[in-house]
Structures are given as structure tokens and as C-alpha cells.
Amino acid sequence: MSSSNSIHSSAMKFAVKAWSNGRARAGVLHLDCCPTPIDTPSLLLSTRKGLPLFISPDLLPSLPSPDSHLLHVSPLHFLEGLSMTTISKIGGLHQMLGLHEYGFAAVPRDSIQCLPEANSTNKVGASFETPCGRLLIKPAEYMEMISSLRPELWATLADEVPAWVSDKRNKTSVDRTIKWLDECIALSPTGGAVFGAIVGGSSLEERQRCAQEVARRNVSVLEYHD
Amino acid sequence: MALRFEVLGRFNRARAAHLTLPHFVCETPLFMPVGTQGTIKGLTTNQLEEIGCQIILGNTYHLALRPTSELIDELGGLHKFMNWPRAMLTDSGGFQMVSLLHLADITEKGVTFQSPVDGKPMLLTPEESIQIQNRIGADIIMALDDVVRTIITGPRIEEAMYRTLRWIDRCIAAHKRPHEQNLFGIVQGGLDPVLRDICVRGLVDRNLPGYAIGGLAGGEDKDSFWRVVAQCTAALPEDKPRYVMGVGYPLDIVVCSALGADMYDCVYPTRTARFGTALVPEGLLKLKNRAMSDDTRPIDPACACMVCKNYTRAYIHSLVTKDAMGSQLLSYHNLYYMMQLSRNLHSSIVQGRFPEFVCNFLQKMVCISLSLSSCH
């Protein structure tokens, strides 16, 4: 497994600054768009269609800075009412939302509404509940969304399954996630930092297998837990 | 009397003035957003200050129910409670009681109604209304009037007008803070010029700090509406503010200002925002419309508000009626629009270019017919 302490891409620089006696580490994240570096561990603010749910964008600066500068975006939110063509025309997330000094991390699922539907996912794509109903998202479609939105960080498409699935289903989820990892990387736009998704349920072996494959692709890491 | 009203400029009957209130010096003509329950839906008090809001309205009926005027008083008044440093106006509670509640009954004593909280019979008297407003602590408080919709005809209108005059004396007697709060009288009388005239004279005799023109913005045809406003502004004293209650549409505000009114209030800008409609110089822009889904222009290219500077119609379209942020952003824009309209009215009169402003305003307004329908 890679033990590199820093990662560089055109939009993001990350370095670990300190370790605890165990595995915890404190780091610093530099994003081109953010004026000040962000300390990690860091919490992403949840958003709906890119804007925080609980505060209007002009009042965002009143929150602690830079701790409130990382926003989670679910590309699936935009399927309701805003085409990718239009988003591209506007110029991507920063232009569309008027938030130029904030970093966006795109992950398909959110914690409330766009949840993965493991039973409906198949070899072609990942299934999610969305405001437009249940949708099957293929890697190519997902990458089209990422290319239009242009977030600083984005996660590859994963086959997320709950902890109680069969071993066979669990193994399949790892196989698919690795396959989609490669498809997403192949289609990745310039400028964003790729986070490879790690699945594997509660099987340590499967988690390790997935992590090793992701590490081989030399990308950052996004770990899914149930 | 706790106000000063100084006229700075005129054009015919229109006037621009400084209205000095205990909490703020306001420029008229002005529009007052309605903050029903101690808040303007969708905006913080910081944002209200930023867009140039001068006075906001609180609804006595809603506040007396929750959290009660006694609690507000205990906590230092509504200004402190909602952290609004500028001016405030409370209405008497009468209109809500009649418009919101079934089985509300008006007698000489006051308005009897069923409490929506527990169904108990309750009575709002002129004395009680003023006491509640004294506790809430707004800069301007409204007399309890006997409100009748203009679509009603017959002896009820005359009865209501005379009762309003009897009640104003009871309001004046009950008012415990005349040096901190200004009690405005309300002119009633329906669409009848004789009744309106009697009411105006009666109120002017009481030498109140300001006067409101009530009972309008309720479904009457526009010609009748403007006629009543014109009659009242002609008869009310020059040196005191005139407030047309429940108005409203930008066009109505421009016309009433030309006729000599100074202050307005309405839920329309914020309410229509929650339905996805933006106020623009051309009239209305319905963001829900399919055509908006790929329109990358701002709501109003000429508007300097945060929403128009940052967001496209397409993005707002994706939010409206589905996400609360859509309502918030549209409310912000619509109120900014109303504040800008107030500023434009004031400055164009002061700078001697009021007729040019009005002509320009009317020329741009393509959707005049839409603006003429009733305000609820």
C-alpha cells in the first residue's frame, strides 16, 4: 500500500503534518481556489444543488474560515431541472454558484436523498434514489457530469453495498468499483483531483484488495462505510 | 408625537421626505416588508440592512399569539427580540382577525373571535390592541379600526367608518407611550367619498402623528382604488406621513406616490417569491417556466443585488418550488427590487426628475395588465 505523505495534482496539494501514536494524522489541504489552506481532518458542508441548505451564499463568509470552505456536491442533484449542457455553458460549479473561494468535492451520493440502491445496481451502472426517482448512472454519464461541473475533488463511481450482503455480492461490488475506477480515470477532465472509491463491506480482505487496486492507480482515496 | 416629517422635494402632489423615527431616519416614499412573526421569511436582519430596508412591519395578531407581547416586552421589545436596529411598525391585529378567522364578530366593544390556540372566545378591544402594541415597542403603532372590504356595499360601511372614529379616541386614551411610539389613525369609508371625507376630518381633528388609508387593496377595481387614494391624500395634512395599507404592486406604489402617499406595506414581494415569481422592470418573471431552464442571463441584468450578480435564471429555475434556497434567493431579489424602487422614487423627486422616472418605469413595464389584479 502506498505510504506517500503528500499528493499533488493541478488543483490540490495535500501533506500530512503530524501523526498520533496510532493511525490518526493531521494534514493540510491546499486548493487553488481557496485563499487559505484547510486543516484536516476536515468536515465537508452538505449542499443541495451546490448551495448549503442552511445558509444563503452571501452569509457563508460569516462561518469560520477556512473550515467552512469545503463543500460536498452530489452531481445527481442537478438531474432535476438543470442540464449538463447548461451547466457547461454557465462555466461549471464556481460560476454557477457564485462561490469562487470555496472547494467542491463531488461524490455521487449524499446522506439524505441520493442514496445508493445496491439491489438495482448492475454491471452497467450504479443505481441511486434521486429526486427524479431511481436512476442507473453509468460511468460515462457520471464523467459527463464531472466534466461539466468541474469540481476540485471528485470521487469515482462505486458499487456501494450494505454490510449484510452475501460475500459473493460484496466481492462483485469490489470488482465493479475497480472496473469503474479505470473507466472514470480514462474519462477524467484535467484539473480535478481524483479520489478512488474503496468498498468491500465489512470484509477486511475485500477492503484491502480494493485499496491495493486503488493505490496502484496513484489517486487519492475515498472510503465508503455503512 | 415621536416623529419628524420634513419634505425635501416635490413634484405636483408627489413628495420626498425625511421621516425621523425613534430608531431610524427614513427616506420616503418607502416600502415596508412584512415580517409577520418577527422575521421576514427568507432573510436575516443583516441582509435586510444590506438591501436598504428602513422599516419593517410586525403583525400584532401573530406576535400576541406567539410568543405573546408580555414575553416580547420582558425581553426588551421586538427590536431586541428579533435584532432589528432600524424602524418598525405594528398593525392593530384587527385585519388578521377578520381575514384569518372564521366566526370573528365585530361589536362596539371590539372584535370577538375564537382563539386559534384553544378555541376560547376572545375579545380584542381598542385598548387591548394598543396595550399589546405598547409592549411590542414599535416606532409606529396602528389604531384598531373597523375594517370592511371595499367589495361590500350598504350601511355596514358607514357603521364601520363611524366606529373607527369612536375607537380612535379609545386608542388615544389607552396609549401609554406617546413619546416613543407614534399612533397612526386609519381612514375608512369604503369607496364612498362622503364617508371617506367625514373620516379624514375626524382623524385630522385628533391631531395624530400620521395617517393611514385603509380598507383598500382588497379586490376593488383600480379606478375606484386610485380615486379613494387621491381624495384622501388631498384632504390629509401636508406635513404628516400618509401610509396606504396593503399596497402592493410596484405600479400601484408609483401611482400612489404620484398622488402624494409616502408609505406602503405588502406581503406580495416575498409571497410571490415563494411561488417562483421575480419582480423585474418589465413586470413579472416566472422562474418556474420551462423556458428558464437554459436561460443563462441573470433575473434582471440591470439589478445590482447579490442574486442577479451571481445567479442565472437557469440555476434559480432548478431551485424554485423544490428547494428552500430558491425561495430565499427570490425573496432577497424581490425585496431588493422594492427597496430600489423606494430609493428611486425618493431620489427622482428630490432631484427634480420624477416625471422622467415615471415615464421610464411605465415604458419598461410590458405586463401592466398582470400588475393590475388584486393583491391576494
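Residues numbered from 1 in each chain as written. Chains lettered and ligands numbered in written order. Predicted model: local features only at pLDDT ≥ 70, side-chain atom pairs only at ≥ 80, totals over all residues. Heavy atoms only, no water.

**Let's talk about the overall build of chain A**
The number of helices and strands found in chain A is 5 helices and 13 strands. A compact globule built from 226 residues should have a C-alpha radius of gyration of about 17 Å, and chain A, at 17 Å, falls within 12% of that. Its C-alpha atoms give chain A principal-axis dimensions of about 50 × 45 × 30 Å. Burial analysis of chain A (226 residues in total) assigns 51% to the buried set. (Helix = DSSP H or I, 4+ residues; strand = E, 2+ residues; numbered from the N terminus. Rg over C-alpha atoms; globule rule 2.2 N^0.38 Å. Buried < 20%, exposed > 50% of the residue type's maximum accessible area, 1.4 Å probe, protein only.)

**Considerations on the overall build of chain B**
The secondary structure content of chain B amounts to 16 helices and 16 strands. Radius of gyration (C-alpha) of chain B: 20 Å, near the 21 Å computed for a compact globule of 376 residues. Along the longest, intermediate and shortest principal axes, the C-alpha atoms of chain B span 60 × 50 × 40 Å. Evaluated residue by residue, chain B yields a buried proportion of 59% over its 376 residues. Residue pairs at least 24 apart in sequence account for 66% of intrachain contacts in chain B once pairs closer than 6 positions are excluded. When the accessible surface of chain B is summed, it comes to about 14900 Å², and 54% of that surface belongs to carbon and sulfur atoms. (Contact = heavy atoms within 4.5 Å. Areas by Shrake-Rupley, 256 points an atom, 1.4 Å probe, with all protein chains shown as cover.)

**Here we look at helix α14 (residues 324-350) of chain B**
Residues and elements named next belong to chain B. With 27 residues, α14 ought to run about 39 Å at 1.5 Å a step, and its terminal C-alpha atoms sit 39 Å apart, in line with that. Most of α14 is tucked away: 21 of the 27 residues are buried. Gly-352 sits one or two positions beyond α14 and adopts a positive phi of about 70 degrees. (Expected span 1.5 Å × (residues − 1).)

**Description of the UniProt feature "binding site: Zn(2+)" (unreviewed entry) in chain B**
Residue and element names in this part refer to chain B. Per the UniProt record, the feature "binding site: Zn(2+)" (unreviewed entry) sits at Cys-303, Cys-305, Cys-308 and His-333. The largest pairwise C-alpha distance within this set of annotated residues, which runs over 31 residues, is 8.6 Å, so the set is compact in three dimensions. Inspection of the secondary structure puts Cys-305 in the loop between β16 (283-286) and α12 (306-310). Taking the relative accessible area as the measure of exposure, Cys-305 reaches 1% and is therefore buried. With respect to the element layout, His-333 can be found in helix α14. Apart from the residues within four sequence positions on either side, His-333 is in contact with Ala-278, Leu-279, Val-280, Ile-299, Asp-300, Cys-303, Cys-305, Val-307 and Cys-308. (UniProt positions renumbered as here; feature names shortened; annotations may be inferred.)

**Remarks on unusual backbone geometry**
The amide bond that connects Ser-65 of chain A to the next residue, Pro-66 of chain A, takes the cis arrangement and shows omega of 0 degrees. Mapped onto the secondary structure, Pro-66 of chain A falls in the loop between β6 (51-52) and β7 (70-73). Val-247 of chain B connects to Gly-248 of chain B through a cis peptide bond whose omega is -15 degrees. With respect to the helices, strands and loops of the structure, Gly-248 of chain B is situated in the loop between β13 (242-244) and α10 (250-258). Look at Asn-218 of chain A: it is not a glycine, yet its phi comes out positive at around 55 degrees.

**Examining the UniProt feature "domain: tRNA-guanine(15) transglycosylase-like" (unreviewed entry) in chain A**
Here the UniProt feature "domain: tRNA-guanine(15) transglycosylase-like" (unreviewed entry) sits at residues 23-220 of chain A. The annotated region residues 23-220 of chain A carries 28% helix and 22% strand content, and the separation between its end C-alpha atoms amounts to 17 Å.

**Some details on the interface of chain A and chain B**
Contacts between chain A and chain B engage 22 residues on the former and 21 residues on the latter. A per-residue breakdown of the area chain A buries against chain B is headed by Lys-49, Asp-58 and Leu-59 of chain A, which together make up 26% of the total. Taken together, the links from chain A to chain B amount to 2 salt bridges. For Arg-48 of chain A, the salt bridge identified is with Asp-323 of chain B, shortest N-O distance 2.6 Å. Here chain A and chain B share 8 residue pairs in polar contact (both at pLDDT 80 or more) between them. Where the side of chain A that touches chain B is concerned, the elements lending two or more residues are β6, α1 (84-90) and α2 (93-97) of chain A. (Buried area = accessible area lost by both parts, 1.4 Å probe. Salt bridge = Lys/Arg side-chain N within 4 Å of Asp/Glu carboxyl O. Polar contact = N/O pair within 3.5 Å; in protein donor to acceptor, adjacent residues only side chain to side chain.)

**Some remarks on the nonpolar core**
With 149 residues, the main nonpolar core has Phe-78 and Met-96 of chain A together with Ile-299 of chain B as its most contacted residues. Looking at this core element by element, the count peaks at 12 residues for α14 of chain B. When we break this core down by domain, the ones giving at least three residues each are domain 1 (4-273) and domain 2 (276-374) of chain B. In this structure, Met-142, Phe-184, Ala-212 and Met-263 of chain B belong to the second largest nonpolar core, which totals 21 residues. (Core = buried A, V, L, I, M, F, W, Y, C linked by side-chain atoms within 4.5 Å. Domains from an automatic or database assignment.)

**A closer look at the environment of Leu-8 of chain B**
Residue and element names in this part refer to chain B. Along the chain, Leu-8 turns up in strand β1 (residues 4-11). We classify Leu-8 as partly exposed; its relative accessible area is 37%. Spatially, the C-alpha atoms of Leu-8 and Gln-351 are 9.8 Å apart, while their sequence positions differ by 343 residues. When near neighbours in sequence (up to four residues on either side) are disregarded, Leu-8 contacts Ala-16, Ala-17, His-18, His-346 and Val-350.

**Brief notes about a nonpolar patch on the surface**
Residues and elements named next belong to chain A. Where nonpolar side chains cluster on the molecular surface, the patch consists of Leu-53, Phe-54 and Ile-112 and spans about 350 Å² of accessible area. Topologically, Ile-112 is positioned in the loop between β8 (103-106) and β9 (126-130). When its relative accessible area of 69% is taken as the criterion, Ile-112 is described as exposed. (Patch = residues over 30% accessible without salt bridge, like charges linked within 9 Å, V, L, I, M, F, W, Y side chains within 5 Å.)

**Brief notes about the domain arrangement of chain B**
All names here are of chain B. As far as domains go, chain B holds domain 1 (4-273) and domain 2 (276-374). Averaged C-alpha coordinates put domain 1 and domain 2 at centres separated by 26 Å. Each partner contributes residues to the interface: domain 1 has 40 residues there, and domain 2 has 34 residues. Summed over both partners, the interface of domain 1 with domain 2 buries about 3100 Å², with 75% contributed by carbon and sulfur atoms. At the boundary of domain 1 and domain 2, one finds 0 salt bridges. Linking domain 1 with domain 2 are 7 residue pairs in polar contact (both at pLDDT 80 or more), by the criterion used here.

**As for the sheet that holds strand β7 (residues 105-106) of chain B**
The pairing of strands in a sheet comes from backbone hydrogen bonds and takes either a parallel or an antiparallel form. All names here are of chain B. Here 3 strands make up an open sheet; going across it, the order is β7-β8-β9 and the pairing antiparallel. Looking at the sheet topology across the chains shown, the edges are occupied by β7 and β9 (121-124). As paired strands, β7 and strand β8 (residues 111-114) are joined by 2 bridges and run antiparallel to one another. Residue pairing in the sheet places Ile-106 in a bridge with Val-111 of β8. (Pairing = 2+ DSSP bridges.)

**Observations concerning the UniProt feature "active site" (unreviewed entry) in chain B**
Residues and elements named next belong to chain B. UniProt marks Asp-91 and Asp-265 with the feature "active site" (unreviewed entry), using the numbering shown here. Despite a sequence span of 175 residues, these residues sit close together in the fold, their greatest C-alpha distance being 10.6 Å. On the secondary structure map, Asp-91 appears in the loop between β6 (87-90) and α5 (94-100). Not counting residues up to four positions away in its chain, the partners in contact with Asp-91 are Gly-58, Asn-59, Thr-60, Gln-96, Gln-133 and Met-142. Not counting residues within four places of it along the chain, the set of residues in contact with Asp-265 comprises Phe-31, Met-32, Val-34, Leu-57, Tyr-243, Val-244, Met-245, Gly-246, Val-247 and Gly-248. Here the side chain of Asp-265 touches Tyr-243 through a polar contact of 2.8 Å, side chain to side chain.

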